[in-house]
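Observations on the model geometry
Residues per chain, in single letters:
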Amino acid sequence: MQAFIEPQPIEPQDDAHLYDRVAAHIADLIARGALRPGDRIPSVRRLSRQQGVSVATVLQAYLQLENRGLIEARPQSGHYVRARRAVTLPEPRAARASSTATRVSVKALVTKVYRATRDPHIVPFGAACPSPELLPTDKLNRILGAIARGAGGAGVAYDPPPGLPALRRQIARRSVEWGVALSPDDIVTTVGAMEALHLCLRAVARRGDTVALESPAYYGLLQLIESLGIKALEVPSHPRTGMDLDVLEEMLGRHRIKACLAIPNFNNPLGSAMPDEAKERLVAMLARREVPLIEDDIYGDLHFGDVRPRPAKAFDRKGLVMLCSSFSKTVAPGYRVGWTAPGRFLDEIEQLKFGQSVACATLPQMAIAEFLELGGYDHHLRALRRRLAAQVARMSEAIAEHFPAGTRVSRPAGGFVLWVELPPGASALDVHARALEHGISVAPGPIFSAKHRFSNCIRVNCGYPFTDLIEHAVRTLGRICAEAAAA
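Keep in mind the model is a prediction, meaning the values are calculated, not measured.

1. Considering helix α10 (residues 276-288)
Over its 13 residues, α10 runs 18 Å from end to end, which matches the ideal 18 Å to within 8%, given 1.5 Å per residue. Taken together, the buried positions of α10 are Ala278, Lys279, Leu282, Val283, Met285, Leu286 and Ala287. Buried-residue contacts for α10 involve α9 (245-254), β9 (257-262), β10 (293-296) and β11 (321-326). Note on α10: the residue one or two positions beyond its end, glutamate 290, has a positive phi of about 60°.

Here is the structure:
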(Lines give C-alpha, C1' and ligand atoms only; values in the text may rest on other atoms or scores of the structure.)
Protein backbone atom coordinates (compact mmCIF):
# COMPACT_ATOMS: atom_id res chain seq x y z
CA MET A 1 0.00 0.00 0.00
CA GLN A 2 1.28 3.48 -0.87
CA ALA A 3 1.02 5.79 2.14
CA PHE A 4 0.25 9.48 1.66
CA ILE A 5 2.52 11.91 3.45
CA GLU A 6 1.54 15.53 3.71
CA PRO A 7 4.37 17.66 2.23
CA GLN A 8 6.25 19.63 4.86
CA PRO A 9 9.01 21.56 3.11
CA ILE A 10 12.14 22.02 5.17
CA GLU A 11 13.66 25.41 5.70
CA PRO A 12 16.81 26.01 3.60
CA GLN A 13 18.88 27.17 6.56
CA ASP A 14 18.80 23.61 7.94
CA ASP A 15 20.71 22.32 4.93
CA ALA A 16 23.46 20.69 6.98
CA HIS A 17 20.90 18.38 8.57
CA LEU A 18 18.34 17.95 5.79
CA TYR A 19 18.60 14.17 5.59
CA ASP A 20 18.27 13.92 9.40
CA ARG A 21 15.06 15.96 9.22
CA VAL A 22 13.63 13.83 6.39
CA ALA A 23 14.56 10.62 8.24
CA ALA A 24 13.00 11.95 11.47
CA HIS A 25 9.78 12.76 9.58
CA ILE A 26 9.44 9.19 8.28
CA ALA A 27 10.49 7.69 11.64
CA ASP A 28 7.83 9.75 13.40
CA LEU A 29 5.13 8.49 11.03
CA ILE A 30 6.23 4.92 11.76
CA ALA A 31 6.30 5.54 15.52
CA ARG A 32 2.76 7.01 15.44
CA GLY A 33 1.42 4.13 13.36
CA ALA A 34 0.65 6.28 10.32
CA LEU A 35 3.02 3.96 8.47
CA ARG A 36 2.70 0.31 9.44
CA PRO A 37 4.92 -2.72 8.82
CA GLY A 38 4.66 -3.69 5.18
CA ASP A 39 3.49 -0.25 3.99
CA ARG A 40 5.33 1.17 1.01
CA ILE A 41 6.79 4.58 1.67
CA PRO A 42 7.00 7.27 -1.03
CA SER A 43 9.50 6.82 -3.81
CA VAL A 44 12.73 8.79 -3.59
CA ARG A 45 11.63 11.21 -6.30
CA ARG A 46 8.16 11.71 -4.86
CA LEU A 47 9.45 12.47 -1.36
CA SER A 48 12.07 14.75 -2.91
CA ARG A 49 9.27 16.81 -4.49
CA GLN A 50 7.10 16.72 -1.35
CA GLN A 51 9.83 17.88 0.99
CA GLY A 52 11.55 20.24 -1.43
CA VAL A 53 14.92 18.56 -1.06
CA SER A 54 17.32 16.83 -3.43
CA VAL A 55 17.13 13.18 -4.45
CA ALA A 56 20.54 12.66 -2.81
CA THR A 57 19.17 13.97 0.49
CA VAL A 58 16.26 11.51 0.41
CA LEU A 59 18.58 8.64 -0.46
CA GLN A 60 20.77 9.52 2.51
CA ALA A 61 17.70 9.69 4.76
CA TYR A 62 16.47 6.30 3.54
CA LEU A 63 19.92 4.81 4.11
CA GLN A 64 19.84 6.11 7.67
CA LEU A 65 16.39 4.56 8.20
CA GLU A 66 17.59 1.25 6.77
CA ASN A 67 20.56 1.27 9.14
CA ARG A 68 18.19 1.85 12.02
CA GLY A 69 16.14 -1.15 10.92
CA LEU A 70 12.99 0.90 10.32
CA ILE A 71 12.67 0.39 6.55
CA GLU A 72 13.94 -2.03 3.92
CA ALA A 73 14.61 -1.75 0.20
CA ARG A 74 13.01 -4.35 -2.08
CA PRO A 75 14.59 -4.75 -5.54
CA GLN A 76 12.48 -3.33 -8.38
CA SER A 77 9.78 -2.37 -5.87
CA GLY A 78 10.86 0.49 -3.59
CA HIS A 79 11.16 1.04 0.14
CA TYR A 80 8.85 -0.49 2.76
CA VAL A 81 8.36 -0.25 6.50
CA ARG A 82 10.28 -3.16 7.92
CA ALA A 83 8.29 -5.83 9.72
CA ARG A 84 9.62 -6.29 13.24
CA ARG A 85 10.67 -9.82 14.00
CA ALA A 86 9.40 -10.80 17.44
CA VAL A 87 12.23 -11.40 19.87
CA THR A 88 11.66 -14.90 21.14
CA LEU A 89 14.65 -15.24 23.46
CA PRO A 90 13.68 -15.82 27.10
CA GLU A 91 14.55 -13.27 29.78
CA PRO A 92 17.62 -13.69 31.99
CA ARG A 93 17.12 -15.51 35.27
CA ALA A 94 17.10 -13.64 38.58
CA ALA A 95 20.09 -14.00 40.86
CA ARG A 96 20.07 -16.13 43.98
CA ALA A 97 19.57 -14.38 47.30
CA SER A 98 22.74 -13.58 49.24
CA SER A 99 23.03 -14.57 52.89
CA THR A 100 26.01 -12.39 53.78
CA ALA A 101 27.27 -8.87 53.20
CA THR A 102 30.46 -8.64 51.16
CA ARG A 103 33.39 -6.29 50.93
CA VAL A 104 33.53 -5.02 47.38
CA SER A 105 36.48 -5.40 44.99
CA VAL A 106 35.63 -4.49 41.41
CA LYS A 107 37.77 -1.44 40.61
CA ALA A 108 40.57 -3.28 38.77
CA LEU A 109 38.23 -4.91 36.25
CA VAL A 110 36.10 -1.79 35.89
CA THR A 111 39.26 0.17 35.03
CA LYS A 112 40.01 -2.26 32.19
CA VAL A 113 36.50 -1.88 30.82
CA TYR A 114 36.60 1.90 30.94
CA ARG A 115 40.03 2.19 29.38
CA ALA A 116 38.67 0.39 26.33
CA THR A 117 35.84 2.92 25.96
CA ARG A 118 38.36 5.76 25.53
CA ASP A 119 39.60 4.29 22.25
CA PRO A 120 37.57 5.82 19.38
CA HIS A 121 38.35 2.81 17.20
CA ILE A 122 36.59 0.36 19.52
CA VAL A 123 32.87 -0.36 19.07
CA PRO A 124 31.42 0.98 22.36
CA PHE A 125 29.14 -1.78 23.64
CA GLY A 126 30.86 -1.61 27.03
CA ALA A 127 29.88 1.83 28.40
CA ALA A 128 26.29 2.93 29.01
CA CYS A 129 26.38 6.18 27.05
CA PRO A 130 24.38 7.54 24.10
CA SER A 131 25.97 8.45 20.79
CA PRO A 132 26.88 12.16 20.53
CA GLU A 133 24.85 12.30 17.32
CA LEU A 134 21.67 11.64 19.33
CA LEU A 135 22.32 14.61 21.61
CA PRO A 136 21.51 18.32 21.04
CA THR A 137 25.19 19.18 20.76
CA ASP A 138 24.99 22.08 18.30
CA LYS A 139 22.13 23.76 20.14
CA LEU A 140 23.86 23.41 23.50
CA ASN A 141 27.11 24.76 22.10
CA ARG A 142 25.29 27.82 20.77
CA ILE A 143 23.58 28.36 24.13
CA LEU A 144 26.84 27.89 26.02
CA GLY A 145 28.69 30.27 23.72
CA ALA A 146 26.05 32.99 24.07
CA ILE A 147 25.99 32.61 27.85
CA ALA A 148 29.80 32.71 28.10
CA ARG A 149 29.90 35.94 26.08
CA GLY A 150 27.22 37.63 28.19
CA ALA A 151 27.75 36.23 31.68
CA GLY A 152 30.74 38.34 32.58
CA GLY A 153 32.20 37.55 35.98
CA ALA A 154 29.24 35.37 36.94
CA GLY A 155 30.35 32.75 34.43
CA VAL A 156 33.72 32.23 36.11
CA ALA A 157 32.69 32.77 39.74
CA TYR A 158 32.18 29.99 42.28
CA ASP A 159 28.60 28.74 42.55
CA PRO A 160 28.62 27.18 46.04
CA PRO A 161 25.96 24.73 47.30
CA PRO A 162 23.07 24.35 46.82
CA GLY A 163 23.93 25.42 43.24
CA LEU A 164 22.60 27.60 40.44
CA PRO A 165 19.09 28.88 41.34
CA ALA A 166 17.92 28.94 37.71
CA LEU A 167 18.78 25.26 37.25
CA ARG A 168 17.19 24.23 40.53
CA ARG A 169 14.01 26.08 39.54
CA GLN A 170 13.83 24.21 36.24
CA ILE A 171 14.35 20.83 37.91
CA ALA A 172 11.70 21.66 40.50
CA ARG A 173 9.28 22.69 37.74
CA ARG A 174 9.75 19.37 35.98
CA SER A 175 9.38 17.37 39.21
CA VAL A 176 5.67 18.20 39.32
CA GLU A 177 5.18 15.93 36.29
CA TRP A 178 6.81 13.05 38.20
CA GLY A 179 4.41 13.34 41.13
CA VAL A 180 7.11 14.67 43.45
CA ALA A 181 6.64 18.49 43.47
CA LEU A 182 10.06 19.53 44.71
CA SER A 183 10.93 23.08 45.71
CA PRO A 184 14.15 24.64 44.33
CA ASP A 185 15.32 24.74 47.95
CA ASP A 186 15.03 20.92 48.15
CA ILE A 187 17.73 20.45 45.49
CA VAL A 188 21.54 20.49 45.53
CA THR A 189 23.39 20.47 42.20
CA THR A 190 26.33 18.09 41.81
CA VAL A 191 29.08 17.03 39.42
CA GLY A 192 26.97 14.42 37.65
CA ALA A 193 24.81 11.77 39.29
CA MET A 194 27.89 9.95 40.58
CA GLU A 195 28.78 12.79 42.95
CA ALA A 196 25.15 12.95 44.06
CA LEU A 197 25.18 9.24 44.90
CA HIS A 198 28.58 9.57 46.59
CA LEU A 199 27.41 12.43 48.80
CA CYS A 200 24.21 10.62 49.75
CA LEU A 201 26.08 7.44 50.64
CA ARG A 202 28.58 9.38 52.76
CA ALA A 203 25.73 11.11 54.58
CA VAL A 204 24.11 7.90 55.81
CA ALA A 205 26.79 5.19 56.02
CA ARG A 206 30.28 4.78 57.42
CA ARG A 207 33.20 2.40 56.85
CA GLY A 208 32.23 -1.13 57.88
CA ASP A 209 28.47 -0.49 57.54
CA THR A 210 26.22 -2.61 55.32
CA VAL A 211 24.02 -1.29 52.51
CA ALA A 212 21.53 -3.26 50.43
CA LEU A 213 21.43 -2.93 46.65
CA GLU A 214 20.06 -4.64 43.56
CA SER A 215 21.80 -7.64 42.04
CA PRO A 216 23.06 -7.26 39.39
CA ALA A 217 24.01 -3.71 40.37
CA TYR A 218 25.45 -0.81 38.40
CA TYR A 219 29.20 -1.14 38.86
CA GLY A 220 29.55 2.58 39.57
CA LEU A 221 27.58 2.03 42.79
CA LEU A 222 29.82 -0.90 43.66
CA GLN A 223 32.89 1.29 43.11
CA LEU A 224 31.47 3.94 45.46
CA ILE A 225 30.78 1.32 48.10
CA GLU A 226 34.28 -0.08 47.70
CA SER A 227 35.92 3.35 47.97
CA LEU A 228 34.12 4.07 51.25
CA GLY A 229 34.91 0.69 52.83
CA ILE A 230 31.23 -0.24 53.04
CA LYS A 231 29.89 -3.79 52.68
CA ALA A 232 27.29 -4.74 50.05
CA LEU A 233 24.30 -6.98 50.62
CA GLU A 234 22.98 -8.08 47.23
CA VAL A 235 19.22 -8.37 46.73
CA PRO A 236 18.15 -10.39 43.65
CA SER A 237 16.30 -8.45 40.94
CA HIS A 238 13.83 -9.59 38.32
CA PRO A 239 14.67 -8.36 34.79
CA ARG A 240 11.22 -6.77 34.40
CA THR A 241 10.07 -5.70 37.87
CA GLY A 242 13.31 -5.05 39.72
CA MET A 243 14.33 -5.74 43.30
CA ASP A 244 12.73 -8.72 45.07
CA LEU A 245 11.03 -6.98 47.97
CA ASP A 246 10.19 -10.20 49.81
CA VAL A 247 13.90 -11.02 49.99
CA LEU A 248 14.73 -7.44 51.00
CA GLU A 249 12.17 -7.55 53.81
CA GLU A 250 13.69 -10.76 55.13
CA MET A 251 17.18 -9.22 54.95
CA LEU A 252 16.03 -6.14 56.87
CA GLY A 253 14.97 -8.46 59.68
CA ARG A 254 18.33 -10.27 59.79
CA HIS A 255 20.90 -7.56 59.02
CA ARG A 256 21.64 -4.06 60.30
CA ILE A 257 21.25 -2.23 56.99
CA LYS A 258 22.20 1.45 56.99
CA ALA A 259 20.80 2.32 53.56
CA CYS A 260 19.30 0.84 50.41
CA LEU A 261 20.48 1.82 46.92
CA ALA A 262 18.24 1.26 43.92
CA ILE A 263 17.49 2.29 40.33
CA PRO A 264 13.73 1.60 40.21
CA ASN A 265 13.20 3.14 36.75
CA PHE A 266 15.06 1.22 34.01
CA ASN A 267 17.75 -0.25 36.19
CA ASN A 268 21.27 -0.49 34.84
CA PRO A 269 22.08 -3.23 33.78
CA LEU A 270 18.75 -5.12 33.73
CA GLY A 271 16.52 -2.35 32.38
CA SER A 272 13.86 -3.38 34.91
CA ALA A 273 11.02 -1.02 35.83
CA MET A 274 9.58 -1.38 39.31
CA PRO A 275 5.76 -0.99 39.34
CA ASP A 276 4.32 1.90 41.36
CA GLU A 277 2.80 -0.38 43.99
CA ALA A 278 6.22 -1.99 44.52
CA LYS A 279 7.89 1.44 44.83
CA GLU A 280 5.32 2.41 47.44
CA ARG A 281 5.92 -0.83 49.34
CA LEU A 282 9.71 -0.33 49.14
CA VAL A 283 9.52 3.19 50.56
CA ALA A 284 7.12 2.17 53.34
CA MET A 285 9.16 -0.93 54.24
CA LEU A 286 12.32 1.11 54.66
CA ALA A 287 10.58 4.01 56.41
CA ARG A 288 9.25 1.70 59.15
CA ARG A 289 12.88 0.95 60.04
CA GLU A 290 14.18 4.50 59.37
CA VAL A 291 16.43 3.18 56.59
CA PRO A 292 17.21 5.76 53.87
CA LEU A 293 16.66 4.91 50.21
CA ILE A 294 19.24 6.35 47.81
CA GLU A 295 17.37 6.42 44.49
CA ASP A 296 19.14 6.83 41.15
CA ASP A 297 16.58 8.06 38.59
CA ILE A 298 19.03 8.90 35.80
CA TYR A 299 17.08 6.85 33.21
CA GLY A 300 13.58 7.99 34.24
CA ASP A 301 13.17 10.39 31.29
CA LEU A 302 14.08 7.64 28.79
CA HIS A 303 10.80 5.68 28.96
CA PHE A 304 9.52 4.03 25.77
CA GLY A 305 5.87 4.28 26.82
CA ASP A 306 3.61 7.31 26.78
CA VAL A 307 3.95 8.23 30.47
CA ARG A 308 7.08 8.88 32.50
CA PRO A 309 7.23 6.50 35.47
CA ARG A 310 7.19 8.08 38.90
CA PRO A 311 10.30 7.82 41.04
CA ALA A 312 10.06 6.15 44.44
CA LYS A 313 10.51 9.65 45.88
CA ALA A 314 6.86 10.29 44.93
CA PHE A 315 5.84 7.98 47.81
CA ASP A 316 8.20 9.49 50.41
CA ARG A 317 6.41 10.84 53.49
CA LYS A 318 9.33 11.02 55.94
CA GLY A 319 12.12 12.60 53.89
CA LEU A 320 14.09 9.34 53.80
CA VAL A 321 14.30 9.01 50.00
CA MET A 322 17.41 10.69 48.57
CA LEU A 323 16.62 11.22 44.88
CA CYS A 324 19.61 11.54 42.51
CA SER A 325 19.82 12.20 38.79
CA SER A 326 21.65 14.11 36.06
CA PHE A 327 21.49 15.16 32.41
CA SER A 328 24.37 12.87 31.41
CA LYS A 329 22.23 10.21 29.71
CA THR A 330 19.87 12.62 27.97
CA VAL A 331 21.70 15.84 27.06
CA ALA A 332 25.44 16.17 27.67
CA PRO A 333 27.59 13.58 29.50
CA GLY A 334 30.62 15.88 29.49
CA TYR A 335 28.80 18.80 31.11
CA ARG A 336 28.62 16.76 34.34
CA VAL A 337 25.43 18.45 35.53
CA GLY A 338 23.70 16.39 38.20
CA TRP A 339 21.59 16.95 41.28
CA THR A 340 20.06 15.41 44.37
CA ALA A 341 16.93 16.04 46.43
CA PRO A 342 18.09 14.37 49.68
CA GLY A 343 15.07 15.05 51.90
CA ARG A 344 15.88 15.34 55.58
CA PHE A 345 19.63 15.06 54.85
CA LEU A 346 19.74 18.33 52.89
CA ASP A 347 21.95 20.32 55.29
CA GLU A 348 24.50 17.52 55.59
CA ILE A 349 24.64 17.05 51.82
CA GLU A 350 25.32 20.76 51.31
CA GLN A 351 28.18 20.62 53.81
CA LEU A 352 29.62 17.47 52.27
CA LYS A 353 29.34 18.96 48.80
CA PHE A 354 31.27 22.08 49.79
CA GLY A 355 33.95 20.01 51.51
CA GLN A 356 34.29 17.60 48.59
CA SER A 357 34.33 19.87 45.53
CA VAL A 358 33.37 23.39 46.74
CA ALA A 359 31.09 24.07 43.76
CA CYS A 360 29.91 22.84 40.37
CA ALA A 361 31.11 24.44 37.12
CA THR A 362 28.88 27.45 36.55
CA LEU A 363 28.61 27.74 32.75
CA PRO A 364 27.36 24.17 32.10
CA GLN A 365 24.66 24.67 34.75
CA MET A 366 23.62 27.91 33.06
CA ALA A 367 23.46 26.25 29.65
CA ILE A 368 21.34 23.32 30.86
CA ALA A 369 19.02 25.69 32.74
CA GLU A 370 18.43 27.77 29.62
CA PHE A 371 17.94 24.68 27.46
CA LEU A 372 15.23 23.53 29.88
CA GLU A 373 13.62 26.96 30.10
CA LEU A 374 13.41 27.39 26.31
CA GLY A 375 11.48 24.11 25.98
CA GLY A 376 14.16 22.37 23.94
CA TYR A 377 14.49 19.50 26.38
CA ASP A 378 11.01 18.04 25.89
CA HIS A 379 11.26 18.24 22.11
CA HIS A 380 14.66 16.57 22.23
CA LEU A 381 13.43 13.85 24.60
CA ARG A 382 10.58 12.82 22.32
CA ALA A 383 12.97 12.24 19.43
CA LEU A 384 15.61 10.61 21.64
CA ARG A 385 13.17 8.12 23.14
CA ARG A 386 11.99 7.05 19.69
CA ARG A 387 15.56 6.55 18.51
CA LEU A 388 16.59 4.60 21.59
CA ALA A 389 13.51 2.37 21.52
CA ALA A 390 14.24 1.52 17.87
CA GLN A 391 17.91 0.84 18.62
CA VAL A 392 17.13 -1.42 21.59
CA ALA A 393 14.62 -3.36 19.46
CA ARG A 394 17.07 -3.69 16.58
CA MET A 395 19.90 -4.82 18.87
CA SER A 396 17.59 -7.39 20.50
CA GLU A 397 16.74 -8.77 17.06
CA ALA A 398 20.41 -8.96 16.11
CA ILE A 399 21.29 -10.78 19.32
CA ALA A 400 18.48 -13.26 18.70
CA GLU A 401 19.82 -13.81 15.20
CA HIS A 402 23.57 -14.05 15.83
CA PHE A 403 24.10 -15.29 19.42
CA PRO A 404 24.28 -18.98 20.34
CA ALA A 405 21.30 -21.14 21.28
CA GLY A 406 20.50 -20.84 24.97
CA THR A 407 21.09 -17.06 25.09
CA ARG A 408 18.67 -14.99 27.16
CA VAL A 409 18.13 -11.22 26.82
CA SER A 410 16.31 -8.57 28.86
CA ARG A 411 13.32 -6.62 27.52
CA PRO A 412 13.64 -3.10 28.89
CA ALA A 413 10.83 -0.56 28.58
CA GLY A 414 13.27 2.34 28.77
CA GLY A 415 16.94 3.27 28.84
CA PHE A 416 19.38 1.82 26.33
CA VAL A 417 21.19 -1.21 27.75
CA LEU A 418 20.53 -4.94 27.36
CA TRP A 419 21.49 -7.62 29.86
CA VAL A 420 22.49 -10.79 28.02
CA GLU A 421 22.77 -14.16 29.74
CA LEU A 422 24.93 -16.53 27.70
CA PRO A 423 24.61 -20.32 27.79
CA PRO A 424 26.02 -21.96 30.94
CA GLY A 425 29.77 -22.38 30.78
CA ALA A 426 30.46 -19.32 28.65
CA SER A 427 32.92 -17.01 30.41
CA ALA A 428 32.00 -13.33 30.20
CA LEU A 429 35.58 -12.40 31.08
CA ASP A 430 36.89 -14.47 28.17
CA VAL A 431 34.27 -12.90 25.88
CA HIS A 432 35.36 -9.45 27.06
CA ALA A 433 39.03 -10.16 26.35
CA ARG A 434 38.43 -11.76 22.95
CA ALA A 435 35.99 -9.04 21.89
CA LEU A 436 38.63 -6.40 22.60
CA GLU A 437 40.98 -8.22 20.24
CA HIS A 438 38.34 -7.65 17.55
CA GLY A 439 37.86 -3.96 18.45
CA ILE A 440 34.65 -4.44 20.46
CA SER A 441 34.09 -3.56 24.11
CA VAL A 442 31.47 -5.20 26.34
CA ALA A 443 30.83 -5.01 30.08
CA PRO A 444 31.32 -8.46 31.65
CA GLY A 445 28.84 -9.64 34.26
CA PRO A 446 31.22 -10.06 37.24
CA ILE A 447 31.73 -6.28 37.56
CA PHE A 448 28.02 -5.97 38.37
CA SER A 449 28.31 -8.01 41.57
CA ALA A 450 30.22 -7.64 44.84
CA LYS A 451 30.59 -11.42 44.79
CA HIS A 452 31.66 -11.48 41.13
CA ARG A 453 28.54 -13.37 40.09
CA PHE A 454 27.04 -13.41 36.58
CA SER A 455 30.08 -15.10 35.11
CA ASN A 456 28.15 -15.91 31.90
CA CYS A 457 26.44 -12.51 31.46
CA ILE A 458 27.36 -9.32 29.59
CA ARG A 459 25.80 -5.88 29.32
CA VAL A 460 25.44 -4.40 25.84
CA ASN A 461 25.06 -0.68 25.13
CA CYS A 462 22.38 0.20 22.54
CA GLY A 463 23.05 3.94 22.62
CA TYR A 464 24.52 4.12 19.11
CA PRO A 465 22.57 4.03 15.81
CA PHE A 466 22.41 0.57 14.29
CA THR A 467 24.80 1.04 11.38
CA ASP A 468 26.55 -1.57 9.24
CA LEU A 469 29.52 -1.27 11.62
CA ILE A 470 27.33 -2.05 14.64
CA GLU A 471 25.67 -4.97 12.88
CA HIS A 472 29.05 -6.44 11.91
CA ALA A 473 30.20 -6.04 15.53
CA VAL A 474 27.11 -7.86 16.85
CA ARG A 475 27.68 -10.69 14.38
CA THR A 476 31.32 -10.95 15.47
CA LEU A 477 30.38 -10.80 19.14
CA GLY A 478 27.80 -13.53 18.60
CA ARG A 479 30.48 -15.76 17.08
CA ILE A 480 32.81 -15.09 20.03
CA CYS A 481 30.03 -15.95 22.48
CA ALA A 482 29.25 -19.17 20.59
CA GLU A 483 32.89 -20.20 20.76
CA ALA A 484 33.01 -19.38 24.48
CA ALA A 485 29.89 -21.47 25.09
CA ALA A 486 31.39 -24.42 23.22
CA ALA A 487 34.78 -24.25 24.97
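2. Considering the nonpolar core
Judged by nonpolar contacts, the single largest core of 62 residues is most densely connected at Leu167, Leu248, Leu293, Phe327, Trp339 and Ile368. The element contributing the most residues to this core is helix α12 (residues 362-373), with six residues.

3. With respect to the pattern of salt bridges
Counted under the stated rule, the structure contains 21 salt bridges. As a salt-bridge pair, aspartate 378 and arginine 174 come within 3.0 Å of each other at their nearest N and O atoms. Here aspartate 378, found in helix α13 (residues 376-402), pairs with arginine 174, found in helix α6 (residues 165-175); they are 204 residues apart in sequence, far enough to count as distant. For arginine 344, the salt bridge identified is with glutamate 290, shortest N-O distance 2.9 Å. On the criterion of sequence distance, the pair formed by arginine 344 in the loop between β12 (337-341) and α11 (346-357) and glutamate 290 in the loop between α10 and β10 is long-range, its members being 54 residues apart. The network of salt bridges with shared partners includes Arg82, Arg394, Glu397 and Glu471.

4. Re the pairing of strand β6 (residues 210-215)
Of all the six residues making up β6, six are buried; the element is thus mostly covered by neighbouring parts of the structure. In the sheet, β6 pairs with strand β7 (residues 231-238) via six bridges, with the strands oriented parallel. Each bridged residue has a counterpart across the sheet, and for alanine 212 the counterpart in β7 is leucine 233. Once you follow β6 into helix α8 (residues 219-227) and on to β7, the crossover reads as right-handed.

5. Some details on the layout of surface pockets
Approximately 690 Å³ is the volume found for the second largest pocket. If you go around the second largest pocket, you meet 32 residues; those closest to its centre are Tyr114, Ala128, Cys129, Lys329 and Pro333. Elements that contribute at least two residues to the lining of the second largest pocket include exactly α4 (107-117), β4 (123-124) and α7 (192-204). Residues belonging to the lining of the second largest pocket are distributed by class as follows: 21 nonpolar, six polar and five charged.

6. Observations concerning the sheet that holds strand β14 (residues 417-421)
Here four strands make up an open sheet; going across it, the order is β13-β14-β17-β16 and the pairing antiparallel. Among the strands making up the open sheet, the edge pair consists of β13 (408-409) and β16 (443-444).

7. Details of empty space enclosed by the protein
Summed over all chains, the structure comprises three cavities of 30 Å³ or more. Approximately 120 Å³ is the volume attributed to the largest cavity. Lining the largest cavity are 15 residues; nearest its centre among them are Trp178, Asp301, Ser325, Trp339 and Tyr377. Only α6 and β11 provide two or more residues apiece to the lining of the largest cavity. For the lining of the largest cavity, a count of residues per class yields seven nonpolar, four polar and four charged.

8. Here's the deal with the packing of α7 against α8
Two elements in contact, α7 and α8, have axes whose closest approach is 10 Å; the angle formed by their N-to-C orientations is 40°. Classified by the angle between their axes, α7 and α8 sit oblique to one another. Pair α7 / α8 crosses with right-handed handedness. Touching Met194, Leu197, His198 and Leu201 of α7 are Gly220, Leu221, Leu224 and Ile225, all from α8. Residue composition of the contact of α7 with α8, grouped by class: six nonpolar, two polar and no charged.

9. Remarks on unusual backbone geometry
Excluding glycine, most residues fall at negative phi; most peptide bonds, likewise, are trans. Cis peptide bonds are those with omega within 30 degrees of zero, and the linkage from proline 161 to proline 162 qualifies with 15°. Here proline 162 is to be found in the loop between α5 (137-151) and α6. Residue proline 216 follows serine 215 across a cis peptide bond; omega there is 5°. Within the secondary structure layout, proline 216 lies in the loop between β6 and α8. With a phi angle near 60°, phenylalanine 266 is a residue other than glycine that sits in the positive phi range. Relative to the helices and strands, phenylalanine 266 is located in the loop between β9 and α10. A positive phi angle is found at arginine 336, which is not glycine, with a value near 55°. Mapping arginine 336 onto the fold places it in the loop between β11 and β12. Judged by relative accessible area, which is 33%, arginine 336 ranks as partly exposed.

Parameters and conventions
Residues numbered from 1 in each chain as written. Predicted model: local features only at pLDDT ≥ 70, side-chain atom pairs only at ≥ 80, totals over all residues. Heavy atoms only, no water. Helix = DSSP H or I, 4+ residues; strand = E, 2+ residues; numbered from the N terminus. Expected span 1.5 Å × (residues − 1). Buried < 20%, exposed > 50% of the residue type's maximum accessible area, 1.4 Å probe, protein only. Contact = heavy atoms within 4.5 Å. Core = buried A, V, L, I, M, F, W, Y, C linked by side-chain atoms within 4.5 Å. Salt bridge = Lys/Arg side-chain N within 4 Å of Asp/Glu carboxyl O. Pairing = 2+ DSSP bridges. Right-handed = clockwise from strand over helix to strand, strands pointing away. 1 Å grid on protein atoms, 1.4 Å probe; cavity = no way out; pocket = protein on both sides within 12 Å on 5 of 7 lines; lining within 4 Å. Points joined across faces, edges and corners; volume = space filled by probe spheres on them. Nonpolar A, V, L, I, M, F, W, Y, C, P; charged D, E, K, R; others polar. Axes fitted to C-alpha atoms, helices over the stretch in contact; angles between N-to-C directions. Parallel < 35°, antiparallel > 145°, perpendicular 65-115°, else oblique. Left-handed = near helix turned anticlockwise from the far one by under 90°.

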